[in-house]
Amino acid sequence: MQIAIPSLFMRGGSSRGCFFLASDLPSDRAARDRVLLTVMGSPDKRQIDGMGGAHPLTSKVGIVSLSQTPGVALDFLFAQLQPNNDNVDTTPNCGNMLAAVVPFALERGLIQAQGDSTTVRVLTLNTDMQCDVTVQTPMTAHGRQVEYEGVAKIDGVPGSAAPITINFLDTAGSVCTGLLPTGQVLERVFVSGEGFATFILPVTCIDNGMPLVLFKATDVGRTGYETVAELNADTELRTRVEAMRLQTGHLMGLGDVTAKNYPKMTMIAPPRDGGSLCTRSFIPHVCHDAIGVLAAVTVATACVLKGTVCEGVAVMPDGLSQVVSVEHPTGEFSVELGLDPEDPQKVIRAALLRTARLLMRGEVMVASAVVQPKA
C-alpha cells in the first residue's frame, strides 16, 4: 500500500524540490528521512523512482510550519539530499529554496497576503538564521494571490519571473563559530593526499551564511574560467579540492566533513565579464552550474574584507554600500552589502533578488512500510 502526502513541487532560485508542511511529515526524524529519500528516489544516480532530478540542485526539500518564535511568522527547515547516497543533511542553509518558502506558505494558507506585496520574517531552523522575504501579491478576481510572472531575471534560470527580495538579518557564523572561524582572514594549509604531491595553499575560511573555503585558481594550476564539464572531468583537481576540504573542515571547527555537504569549495579568478569576481563552486564534489545564494553572500563578504585571498583579485568599488557582482559559469549573482560606518570591515546588511515558481501541486506517494516499517 502507498500513502499520499500533500506537496507542492517548486522552483526556488536556481534550485527545485518538494515542499511540505511539517505536520504532513512524520515527527520522528528517522521516519521523516526515510520518507524524503523515497520521495526523491535516493540513492540512485538517476533518481528514476522519485522526484529528484539527478543533481544536487534538484534533490532538495523544504519543510515549513508556523513559527513559535516571537516576531517570526514562519519556520523553514531545508533538507539537502544527494542522488547517489542516503544522506539527508539538515545542517546547511539554502538561500535558493528559501525564496519559495513564502509563496508556499501563501499557497497552503499558512499566512495571508498583506497587500500588493507581502513581507514575512522567516527563521531557517538549520542555523537559526532570520530574514525578511518580500513577494508580490496583487489583487485578482480570486483575491490576493502570489504573482509568479514578471520581468526579474536571475542567471541559471531561463526566462523571467516576479521578483522576490531577501534581506538577511544576521548570517555571520551560520554553521561555524563566527564569520572567520579560524580567527584569520588568510590561512596557509598544508594539503597532502594520494595521487598528488603535498602542497601549501593560501585560503580564506569564511561563513556569512554558508561555510566556504576560497582559493585562487592560479594556485592550483587552473585559470578559473574552465567550464563546469571540464571541472567535473578534472579528477586530479577534484581530488585535491576534496583533500583541502577535509583539512579545512577541521580548521573551521567542523570536524570530519567527509559525509557533510560543507564547507563548499570556491575557486576564484579575476572577473571576466564586468563583474567583481569570477567563481567556480563545488557543492561539495560537483561543480555548481551557478552559485548558491548564501555562498554568493559569503563570497561577496570576502571581497570587502582586507587581507583575504580575494584582495588583488576582486574588482571592488568604494563606499559603505556596495553591490558585488559574483560571476559564475552561467552568469552573475549580485549581492548588495551594507558596511558598518564605524568599522568598514563589518558587514551589517546583505540583500539580494531571487525568483520562484510553483511547478506542480498534488500528492507524492510513498510506501506505507517506509513510514511505519514492520518490526
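Below or above, wherever it landed, is the structure these notes cover. Predicted model, so just to flag it, every value in this text is computed and none were measured.

1. Considerations on the overall build of the protein chain
Thought 1: What the protein chain contains, in helices and strands, is 7 helices and 19 strands.
Thought 2: Against the compact-globule benchmark of 21 Å for 375 residues, the protein chain has a radius of gyration of 20 Å, which places it among compact chains.
Thought 3: Structurally, the protein chain occupies a C-alpha span of about 55 × 50 × 35 Å along its principal axes.
Thought 4: For the protein chain, the residues scored as buried account for 55% of the 375 residues in total.
Thought 5: Counting contacts in the protein chain only where the partners sit at least 6 residues apart, residues at least 24 apart contribute 64% of the total.
Thought 6: When the accessible surface of the protein chain is summed, it comes to about 15700 Å², and 50% of that surface belongs to carbon and sulfur atoms.
Thought 7: Side-chain charges in the protein chain split into 29 positive and 37 negative, and the spacing between the mean points of these groups amounts to 4 Å.

2. A short note on the pattern of salt bridges
Thought 1: Counted by the stated rule, this structure contains 11 salt bridges.
Thought 2: The partner of Arg245 in a salt bridge is Glu242, and the shortest N-O contact between them spans 2.9 Å. Here Arg245 pairs with Glu242, and both are found in helix α5 (residues 235–251), just 3 residues apart, close to one helical turn. Like Arg245, the residue Glu242 is buried in the burial classification.
Thought 3: Three or more residues joined by partner-sharing salt bridges are found here, namely Arg222, Asp234, Glu236 and Arg240.

3. Remarks on the nonpolar core
Thought 1: If you look at the biggest cluster of nonpolar residues, it comprises 62 residues, and the most contacted ones within it are Val122 and Phe168.
Thought 2: Per-element tally for this core: the top contributor is helix α6 (residues 293–304), with 10 residues.
Thought 3: Grouped together as the second largest cluster of nonpolar side chains are 26 residues, Val213, Val220, Val241 and Val257 included.

4. Quick word on the state of the cysteines
Throughout this description, disulfide means a covalent bond between two cysteine sulfur atoms.
Thought 1: One pass over the full model with this rule turns up 0 disulfides.
Thought 2: This cysteine, Cys278, is not joined by any disulfide, and Cys287 carries the nearest cysteine sulfur, 10 Å off.

5. Section: the side chain of Gln82
Thought 1: Here Gln82 is to be found in the loop between β4 (74–81) and β5 (88–89).
Thought 2: Within polar-contact distance, the side chain of Gln82 engages the side chain of Asn261 at 2.8 Å.
Thought 3: With near-sequence residues (within four places) excluded, Gln82 lies in contact with Ser42, Gln47, Pro56, Ser59, Asn87, Asn261 and Ile283.

6. Structural notes on the side chain of Thr127
Thought 1: Relative to the elements of secondary structure, Thr127 occurs in the loop between β6 (117–124) and β7 (129–136).
Thought 2: Each residue touching Thr127, except ones within four places of it in the same chain, is listed here: Thr91, Asn93, Ser174 and Val175.

7. Concerning the environment of Arg240
Thought 1: Assignment of secondary structure puts Arg240 in helix α5.
Thought 2: Taking relative accessible area as the criterion, Arg240 reaches 12% and is therefore assigned buried.
Thought 3: Setting aside chain neighbours within four positions, we find Arg240 in contact with Val191, Phe196, Phe199, Asp219 and Val220.

8. Comments concerning the environment of Phe76
Thought 1: If you trace the backbone, Phe76 turns up in strand β4.
Thought 2: We classify Phe76 as buried; its relative accessible area is 0%.
Thought 3: In this structure, the C-alpha to C-alpha distance between Phe76 and Gln130, residues 54 residues apart in sequence, is 9.9 Å.

9. Section: the packing of aromatic side chains
Thought 1: Taken as a whole and assessed by the stated rule, the structure comprises 2 aromatic pairs.
Thought 2: Here the aromatic rings of Phe19 and Phe76 are separated by 6.4 Å at their centres, their planes lie at 15°, and the arrangement is stacked. Here Phe19 is found in strand β2 (residues 15–21), whereas its partner Phe76 is found in strand β4, with 57 residues between them in sequence. Of the two residues, Phe19 and Phe76, both sit in the buried class.
Thought 3: Seen in terms of ring centroids, Phe19 and Phe104 are 5.6 Å apart; in terms of plane orientation they differ by 35°. Their pairing is tilted. Pair noted here: Phe19 is in strand β2 and Phe104 is in helix α3 (residues 101–107), with a separation of 85 residues, a long-range link.
Thought 4: The class for Phe19 is buried, based on a relative accessible area of 0%.
Thought 5: Exposure remark for Phe104: the relative accessible area of 0% places this residue in the buried category.
Thought 6: Three or more aromatic residues link up through ring pairs in this structure, and these residues are Phe19, Phe76 and Phe104.

Scoring rules and cut-offs
Residues numbered from 1 in each chain as written. Predicted model: local features only at pLDDT ≥ 70, side-chain atom pairs only at ≥ 80, totals over all residues. Heavy atoms only, no water. Helix = DSSP H or I, 4+ residues; strand = E, 2+ residues; numbered from the N terminus. Rg over C-alpha atoms; globule rule 2.2 N^0.38 Å. Buried < 20%, exposed > 50% of the residue type's maximum accessible area, 1.4 Å probe, protein only. Contact = heavy atoms within 4.5 Å. Areas by Shrake-Rupley, 256 points an atom, 1.4 Å probe, with all protein chains shown as cover. Lys, Arg positive; Asp, Glu negative; His and termini not counted. Charge placed at Lys NZ, Arg CZ, Asp CG, Glu CD. Salt bridge = Lys/Arg side-chain N within 4 Å of Asp/Glu carboxyl O. Core = buried A, V, L, I, M, F, W, Y, C linked by side-chain atoms within 4.5 Å. Disulfide = S-S within 2.5 Å. Polar contact = N/O pair within 3.5 Å; in protein donor to acceptor, adjacent residues only side chain to side chain. Phe/Tyr/Trp six-rings, centres within 6.5 Å; stacked < 30°, edge-to-face > 60°.

None of this, on its own, says anything about what the molecule does.
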